[in-house]
Amino acid sequence: MSAISIEIDCESGFCFGVVTAIRKAEEELAKGSRLYCLGDIVHNSAEVERLCGKGLETITHSRLEELRGEKVLLRAHGEPPSTYRIADKMGIEIIDATCPVVLKLQQRIKAKYDADGNRTQIVIYGKNGHAEVNGLVGQTEGNAIVIEDLSGLDKIDFNRDIALYSQTTKSLEGFNEIIEEIQNRIAPGVHFEYYDTICRQVANRVGHLRDFAAGKDVILFVAGAKSSNGKILYRQCCEVNSRTYLVADPSQLEESWIAGATSIGICGATSTPRWLMEDVAAKAQQLIDGYFRSRRCGDGQPRAVEYLLNRRRQSERRRCSRPQIFADLPRTRMVFALQHGSARSFGRRHMGRAKLRRCMGRLARMA
């Protein structure tokens, strides 16, 4: 009997800044309050739709001056000072969910700009038009220079002092390339200072994610189309595993992607909700079930499917929007089978009889 494992990466999913923003939104909505969010609360359409169903309304900056006396949530990306001025003018109650890492970066850039004015060029390594970058540029009254890659360095005057910062979700590798190139071009005697402002909760995922992706036959990377972090981490997976596929929701999965695989890894961006990765895992399970219904083993029994589910910390499970029905099973192992009998011998070895009975009972109720 051969087994196909489906494992969800334990370190993928929301960063703490996004978790905080969603928690604040849900707390306000639970009070029955009408709540607006300035831009998508997270760059994942499935999560935005889930919160929309609870009453959260996403608005653009152009509508802000129409919402006198309303409650508006500022997402983790942060906002420029102009947004706070408009809110104050309109009597808007701000629910500020700016990520602490982003907030600290805003304060550092503002302090530098206020101290030096236009004497020092403030350069931000980031994506033009990204919500976080807009908030950072706003700290300099729009005078900061934004560069997305090495080609953007032509915007800089290398005969003037430079202070370099980074969008919190950019790659360390890219940031170091920018530093090296500036050092190569800068005129003698010109002062150049740089600040590594990349969030380590994001940056530290890269090494783990590459190891995770390299150890699987197939990787299903779950991320929204708007996620900058998702694009970076997806490329990291592609570099170590050519069978890496980007999906925004379970409906995009194709059976041909997992054909011949014995191990499937599921991971995602800092804007990917845990429940969505679990839905993708369930869809992959359905595709495998359908495949093996028509291909039975020599003994007439269906092949067992080993479903490995890495659990998050207890605190994150409480925040999860979907019930954790397997919370009491061992940390990384439960058995999923097309027929319960085909999994029992495997389950007894790894879970013991008592937990195996609970597992089978829950599988039966779920079906």
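Look up: the structure comes first, before these words.
First things first, this report covers the structure right here in the doc. Just so we're clear, the structure is a prediction, and the values are computed from it rather than from any experiment.

In this section: the overall build of the chain. Secondary structure assignment for the chain yields 13 helices and 14 strands. Summed over all atoms, the accessible surface of the chain reaches about 17,000 Å², with 47% contributed by carbon and sulfur.

Let's shift gears to the packing of helix α1 (residues 16-30) against helix α2 (residues 45-53). Packed helix pairs are characterised by how far apart their axes lie and by the angle those axes make with each other. Their axes nearest at 11 Å, the elements α1 and α2 cross at an angle of 15 degrees. In this view, α1 runs roughly parallel relative to α2, as classed from their interaxial angle. Crossing handedness for the pair α1 and α2: left-handed. Only E47, R50 and L51 of α2 make contact with α1, whose side of the interface consists of I22, E26 and L29. Residues belonging to the contact of α1 with α2 are distributed by class as follows: three nonpolar, no polar and three charged.

Right, let's get into empty space enclosed by the protein. Counted under the stated rule, the structure contains three cavities of 30 Å³ or more. Estimates place the volume of the largest cavity at around 280 Å³. Lining of the largest cavity is provided by 24 residues; of these, C15, V18, H77, T169 and T270 occupy positions nearest its centre. Contributions of two or more residues to the lining of the largest cavity are made by α1, α4 (100-116), α7 (200-203) and α9 (228-240). Top element by residues in the lining of the largest cavity is α1. It accounts for three residues. In terms of residue class, the lining of the largest cavity is made up of 11 nonpolar, 12 polar and one charged.

Before going further, it helps to examine the sheet that holds strand β7 (residues 145-147). In space, the four strands of this open sheet follow the order β7-β6-β8-β9, with parallel pairing throughout. Lying at the two open borders of the sheet, with one neighbouring strand each, are β7 and β9 (192-194). Neighbour-to-neighbour, the strand axes of the sheet open up by a mean angle of 25 degrees, direction not taken into account. Here five bridges tie strand β6 (residues 121-125) to strand β8 (residues 162-166), and the two strands are oriented parallel to one another. Among the inter-strand pairings, Y125 is bridged to a residue of β8, identified as S166. Across the sheet, α4 touches β6, β8 and β9, and the angle it forms with β8 is around 170 degrees.

We now examine the packing of aromatic side chains. Evaluation of the coordinates by the stated rule reveals five aromatic pairs. Their ring planes at 15 degrees and their centres at 4.9 Å tell us that Y165 and Y195 sit as a pair that is stacked. Here the residue Y165 occupies a position in strand β8, and Y195 occupies one in the loop between β9 and α7, the gap between them amounting to 30 residues. The exposure class assigned to Y165 is buried, which follows from its relative accessible area of 2%. Residue class for Y195 comes out partly exposed when judged on its relative accessible area of 23%.

Moving on to the side chain of E7. With respect to the helices and strands, E7 occurs in strand β1 (residues 5-8). There is a polar contact of 2.5 Å between the side chain of E7 and the side chain of K216.

Estimated volume of the second largest pocket: approximately 410 Å³. Lining the second largest pocket are 18 residues, and of these Y125, K170, S171, I232 and R235 sit closest to its centre. Only α6 (172-185) and α9 provide two or more residues apiece to the lining of the second largest pocket. Broken down by element, the lining of the second largest pocket gets its largest block of residues, six residues, from α9. Looking at the lining of the second largest pocket residue by residue, the classes come out as four nonpolar, five polar and nine charged.

What counts, and where the lines are drawn
- Residues numbered from 1 in each chain as written.
- Predicted model: local features only at pLDDT ≥ 70, side-chain atom pairs only at ≥ 80, totals over all residues.
- Heavy atoms only, no water.
- Helix = DSSP H or I, 4+ residues; strand = E, 2+ residues; numbered from the N terminus.
- Areas by Shrake-Rupley, 256 points an atom, 1.4 Å probe, with all protein chains shown as cover.
- Axes fitted to C-alpha atoms, helices over the stretch in contact; angles between N-to-C directions.
- Parallel < 35°, antiparallel > 145°, perpendicular 65-115°, else oblique.
- Left-handed = near helix turned anticlockwise from the far one by under 90°.
- Contact = heavy atoms within 4.5 Å.
- Nonpolar A, V, L, I, M, F, W, Y, C, P; charged D, E, K, R; others polar.
- 1 Å grid on protein atoms, 1.4 Å probe; cavity = no way out; pocket = protein on both sides within 12 Å on 5 of 7 lines; lining within 4 Å.
- Points joined across faces, edges and corners; volume = space filled by probe spheres on them.
- Pairing = 2+ DSSP bridges.
- Phe/Tyr/Trp six-rings, centres within 6.5 Å; stacked < 30°, edge-to-face > 60°.
- Buried < 20%, exposed > 50% of the residue type's maximum accessible area, 1.4 Å probe, protein only.
- Polar contact = N/O pair within 3.5 Å; in protein donor to acceptor, adjacent residues only side chain to side chain.

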